[in-house]
Amino acid sequence: MELIDTHAHLTFDELEGDIDGVLDRSRAAGVTAWVTVGTDIGQAKRVLALASGHENMYAAIGVHPHYAKDISDDELAAIKEYAGGEKVVAIGETGLDYHYEFSDRERQKEVFTAQLEIAAELDLPVIIHCREAFDDMIAILDRFKDALKGAVIHCYSGNAAEAEQYLGMGFHISFTGIVTFKNSVDVQEAAKIVPLDRMMVETDCPYISPVPVRNKRPCEPAFLVHTANKIAELKGIDPEEFARAVTATSRRFFDLPSN
Ligand code: NI
């Protein structure tokens, strides 16, 4: 089995501090490539450095909506420079988070829109975080959908009807360990209807360890196998076939070389 962890925060201290162990355990589990994702301007340099030092590791550069309030317009311009770096395969994560609302909504929208413009200009796909902001998200993405190379709604937490809308706009949907939780009925229903050529899987580590390792901290890429197997079971298909299909989708989406 071969899987790609399409969204991991490998530069967060709890993972980077043991990066060789983390990657060894990942490879042993069949998770053989990673997209390491930045969340703010300080992370951007670390993401580039870590990816450049590891084979089959790729970088995403962006500002998480939590940190929209902290970023200046000069720093947003710097995001564009970092995004031109070697091994950068996406802009992100970026988006809207009205659940925590650590940054005010207007600033979140400005910083998100600026990053969509960068993605369109650099012809890079976008990794999107959306929490309790569906209506504003759809309105903004509708303006950009033709200009963007692609977009993935990461750590999907919506229902099947919302997933249908994203699919109808041409976007991809990515699932974390949330889909393995017993009470995640809506997310499981969404996983059933997203076709394999529009689906990816991710850990979002160090967060969200999947069942049956839900109590293990930190989450790490090796645990991705549990999420993949759960979705294969929900869809009633062979886990190997599922892994092959979502890996092909991930390579296509991020334009990764084959191993
Ligand atoms: Ni994330």
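Residues numbered from 1 in each chain as written. Predicted model: local features only at pLDDT ≥ 70, side-chain atom pairs only at ≥ 80, totals over all residues. Heavy atoms only, no water.

Q: Describe the packing of aromatic side chains, and please don't skip the residues or the numbers.
A: On inspection of all chains with the given rule, the structure shows six aromatic pairs. Aromatic pair F12 and Y207: ring centres 6.2 Å apart, planes at 75°, arrangement edge-to-face. Of this pair, F12 sits in the loop between β1 (3-8) and α1 (13-16) while Y207 sits in the loop between β8 (199-201) and α9 (224-235); the two residues are 195 residues apart in sequence, bridging distant segments of the chain. F12 sits in the buried class, given a relative accessible area of 13%. Both rings, one in Y156 and one in Y166, keep their centres 6.4 Å apart while their planes meet at 85°; by these two values the pair is edge-to-face. Of the two residues, Y156 is situated in the loop between β6 (151-153) and α7 (160-168) and Y166 in helix α7; the sequence distance between them amounts to ten residues. The lysine or arginine in question, K87, covers the ring of Y58, its NZ or CZ lying 5.6 Å from the ring centre. The cationic tip of R105 hangs over the ring face of Y98; the distance from NZ or CZ to the ring centre is 4.1 Å. (Phe/Tyr/Trp six-rings, centres within 6.5 Å; stacked < 30°, edge-to-face > 60°. Helix = DSSP H or I, 4+ residues; strand = E, 2+ residues; numbered from the N terminus. Buried < 20%, exposed > 50% of the residue type's maximum accessible area, 1.4 Å probe, protein only. Lys NZ or Arg CZ within 6 Å of the ring centre and 35° of its normal.)

Q: Describe in detail the nonpolar core, supporting the description with residues and values.
A: L3, L10, L141, Y166, F175 and F242 are the most contacted members of the largest nonpolar core, which has 79 residues in total. Setting aside chain neighbours within four positions, we find F175 in contact with Y156, V187, A190, A191, V194, M199, M200, V201, E202, T227 and I231. With 14 residues, the next largest nonpolar core counts Y58, A60, A90 and L256 among its residues. (Core = buried A, V, L, I, M, F, W, Y, C linked by side-chain atoms within 4.5 Å. Contact = heavy atoms within 4.5 Å.)

Q: Any chance you could break down the side chain of S103 for me, citing the residues and the numbers?
A: The residue S103 is located in the loop between β4 (88-97) and α5 (105-122) in this model. For S103, a relative accessible area of 1% corresponds to the buried category. Within the structure, S103 has its side chain in polar contact with the backbone nitrogen of K69 (distance 3.0 Å). Excluding residues within four positions of it along the chain, S103 makes contact with P65, H66, Y67, A68, K69 and Q108. (Polar contact = N/O pair within 3.5 Å; in protein donor to acceptor, adjacent residues only side chain to side chain.)

Q: Which residues make up the pairing of strand β5 (residues 126-131), and what values go with them?
A: Counting buried positions along β5 yields five of six residues, so the element is predominantly enclosed. The pairing of β4 with β5 spans five bridges and is classified as parallel. Within the sheet, the bridge partner assigned to G95 lies in β5 and is H129. Handedness of the crossover is the feature at issue here: the chain leaves β4, passes through α5, returns alongside β5, and the resulting connection is right-handed. Judged from the three bridges that link them, β5 and β6 form a sheet pairing that is parallel. Pairing of I127 across the sheet is with V152, part of β6. Handedness of the crossover joining β5 and β6 through helix α6 (residues 134-144) is recorded here as right-handed. (Pairing = 2+ DSSP bridges. Right-handed = clockwise from strand over helix to strand, strands pointing away.)

Q: Tell me about the environment of N183, residues and numbers included.
A: In this fold, N183 is placed in the loop between β7 (172-175) and α8 (185-193). The class for N183 is exposed, based on a relative accessible area of 67%. The spacing of N183 and D74 is 109 residues in sequence and 43 Å in space, taken between C-alpha atoms.

Q: Now, about the coordination of the nickel ion: what can you tell me, with residues and values included?
A: In the first shell of the nickel ion, the protein supplies H7 (NE2), H9 (NE2), E93 (OE) and D204 (OD), at 2.1 to 2.2 Å from the metal. With four donor atoms in place around the nickel ion and angles of 87 to 177° between them, the coordination shape is irregular. Going along the chain, you hit the donors of the nickel ion in the pattern H-x1-H-x83-E-x110-D. Taken as a pair, H7 in strand β1 and E93 in strand β4 lie far apart in primary sequence, 86 residues in all. (Donors = N, O, S within 2.8 Å, 3.2 Å for Na, K, Ca; no water. Tetrahedral: all angles 85-135°; square planar, octahedral: opposite > 155°, others 65-115°.)

Q: Which residues make up the sheet that holds strand β3 (residues 57-61), and what are the values?
A: Each strand in a sheet pairs with another by means of backbone hydrogen bonds, the pair being arranged parallel or else antiparallel. Read across the sheet, eight strands follow the order β1-β2-β3-β4-β5-β6-β7-β8 without closing on themselves; strand pairing throughout is parallel. Lying at the two open borders of the sheet, with one neighbouring strand each, are β1 and β8. Looking at each pair of strands side by side, their axes are set apart by 30° on average, direction ignored. Where β6 and β7 come together, two bridges link them in parallel fashion. Following the sheet pairing, I153 is matched in β7 by I173. Here helix α2 (residues 19-29) sits on the sheet in contact with β2 (31-37) and β3, set at roughly 135° to β2. Strands in contact with α5 are β4 and β5; relative to β4, the strand with the most contacts, it is inclined by about 160°. (Axes fitted to C-alpha atoms, helices over the stretch in contact; angles between N-to-C directions.)

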